[in-house]
Amino acid sequence: MFHRYLQYVVTGLFVVSNGSCYGLSPQNLIPGFKKSVVNTLKPILLQLINDDTISTALSHSFKKPLESCSSIVAAAMLCAGVLTVPVELNVGFDTPSFAVPATVQFTRSEALAAMTENQQEVSDVWFAVSAQFFDPTYNGLGEDGWRLKRNEAVEAAAEYGPDDKEEVVKVIQTMLASLGDPYTRFLPREKYEALTAIARGSSNGGIGVQLLFEPRENRVVVMNTVDGGPAKSGGIRRGDVIVEIDGESMEGASAEVVAAKCKGEIGSKMNILVRHQETKSTDLYSLTRSLVKVNPVEASTFESSSVNQKVGLLKVTSFSQETAGQMIDALREVKSMGAEAIVVDLRGNVGGYMPAGVDAAKLFLPARAHIIAEVNRAGSFTGYDADGIGSDTSFPLYLLVDSRTASAAEIFTAALQDNRRALVVGTTKTFGKGRIQNVQSLQDGSAVAVTRAKYLTPSGRDLHGIGITPNKEPKSCTPEDSAATCLVDIV
């Protein structure tokens, strides 16, 4: 129990002495905490923070020199670091109501002299999430409640040895689950190494799938398969859930990690276990990786069924750094073919590179039109607006979406819908992903993906978990139907 007392004592001391720093406020002050308590404890706490070991630990944990706030602030930080430094405070009180303390003793603690590797890993994950997580209330837990989750996880990790990594991962996952955000998740070393291998360009083979993390399944789902690719040729279908790759469970893995596992040298083999959406049965496929070519923007035209005009069609399968430029080329191509209206087909587009969605929206909006706002944990807004340079603001514009339209594709769609620049057509709402993640590597080679911000549309909508409601529902529009079929009597 002395750990809980220490948290209260240090926080109360800090609030009376220094106001607010590191997000603590007078609300942390225990009712009835007297200034005489502060004066009594101050010398002993100053002695603590002058200890080099503690000072180093605190500076490392908060990525901020102790000199940036007073020494009492450093002492306050001890309330968040009790289990990570070899310090023990024995505090005695005259009464249980926090009267003036009778004795305060500082000693070295043998029990806390060192953390195990497992405990340190848990603590590292907690600090990484604490510094970035977009919700300052930590899903309603508050700072104290979130800190308690860490303490519980650190204590649980102490029960396991060096060979119990899977159990430690479960401890970390339980801690992170309390945040209520399925996109904030732990990446063990092997999964993170697979992810970074893509960035290093160590392989150029794949199986031709587009993937999206489905939070309700806690699994990655196949949203599209590429024509002629190993996945489609081998029997993997749209909607299949990825269960295992080469015998390794993909439960809780991000879409990026699963995609990395699918990549490898051309000609190399992989085994992938999937669960089919329709039958709930599972099948194991053995696939050979190949060079899969995907054109993210395809241009064509079709004749309108309702009026005598040619319609330009841009099929955009994903958003990358090249997408905006490719869309410019595609627009020029369909206009040169006589198109009098434009349709952008975003069905099955799971997003990709967020700034690409912003840049694509700029192609159709006037100067100073709002596109999206990014909101961080402090409530600060970062707005993205159109510059109006070379924008097409006059051509009739239609966006074709479905339940697989997500992320950057939703940014693009919402910006044009809210600015009344395009008519959104679809039979269902879009997927509803409006959060931004950052992946931070940890000292032991693992990593943690942290949701660091949320998106708001130009009208202030938070699409996360909700999606975009189309303006118009077509008579018929399955994933296999052509855009022309979906837009009968609309365009």
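Residues numbered from 1 in each chain as written. Predicted model: local features only at pLDDT ≥ 70, side-chain atom pairs only at ≥ 80, totals over all residues. Heavy atoms only, no water.

Asks: Go over helix 5 (residues 117–132), please, and point to the residues and values.
Replies: For helix 5, spanning 16 residues, the distance from its first C-alpha to its last is 23 Å, which sits close to the expected 22 Å at 1.5 Å a residue. With 13 of 16 residues buried, helix 5 lies mostly within the body of the structure. (Helix = DSSP H or I, 4+ residues; strand = E, 2+ residues; numbered from the N terminus. Expected span 1.5 Å × (residues − 1). Buried < 20%, exposed > 50% of the residue type's maximum accessible area, 1.4 Å probe, protein only.)

Asks: Which residues make up the side chain of Glu214, and what values do they have?
Replies: Tracing the backbone shows Glu214 in strand 4 (residues 209–214). Overall, the relative accessible area of 11% leaves Glu214 in the buried class. With residues up to four places along the chain from it excluded, the contact list for Glu214 reads Arg219, Val221 and Phe431. (Contact = heavy atoms within 4.5 Å.)

Asks: Pulling in residues and values, what's your account of the confidence of the model for the protein?
Replies: Per-residue pLDDT for the protein has a mean of 79; in total, 75% of the residues score no lower than 70. Throughout residues 1–113 the model reports pLDDT below 50, and contacts reaching past four residues in sequence, or to other chains, amount to 153 contacts. (pLDDT = per-residue confidence, 0-100.)

Asks: Break down helix 6 (residues 142–157) for me, citing the residues and quoting the values.
Replies: Helix length check: helix 6 (16 residues) gives 23 Å between terminal C-alpha atoms against 22 Å at 1.5 Å per residue, within 8%. Among all positions in helix 6, only Gly145, Trp146, Arg147, Arg150, Asn151, Ala153, Val154 and Ala157 are buried.

Asks: If you had to explain the state of the cysteines to someone new, which residues and values would you point to?
Replies: Summed over the entire model, instances satisfying the criterion amount to 1 disulfide. Through a disulfide, Cys477 is tied to Cys486; the S-S separation comes to 2.0 Å. As the torsion about the S-S bond is roughly 80°, the Cys477-Cys486 disulfide counts as right-handed. Accessibility expressed as a relative area gives 14% for Cys477, which makes it buried. Judged by its relative accessible area of 0%, Cys486 is buried. (Disulfide = S-S within 2.5 Å.)

Asks: Talk me through the nonpolar core; I want residue IDs and the actual numbers.
Replies: Judged by nonpolar contacts, the single largest core of 39 residues is most densely connected at Phe319, Met327, Ile371 and Phe412. Residue assignment for this core shows that the elements contributing at least two residues are strand 11 (310–316), helix 11 (323–336), strand 12 (341–345), helix 12 (354–362), strand 13 (370–376), strand 15 (397–400), helix 13 (408–418) and strand 18 (447–456). With 6 residues, helix 13 is the single largest residue contributor to this core. Not counting residues up to four positions away in its chain, the partners in contact with Ile371 are Val358, Ala361, Lys362, Leu365, Tyr384, Asp385, Ala386, Ile411, Ala415 and Pro458. In terms of nonpolar packing, the next biggest core, distinct from the first, is built from 32 residues, Val241, Val257, Cys262 and Ile272 among them. (Core = buried A, V, L, I, M, F, W, Y, C linked by side-chain atoms within 4.5 Å.)

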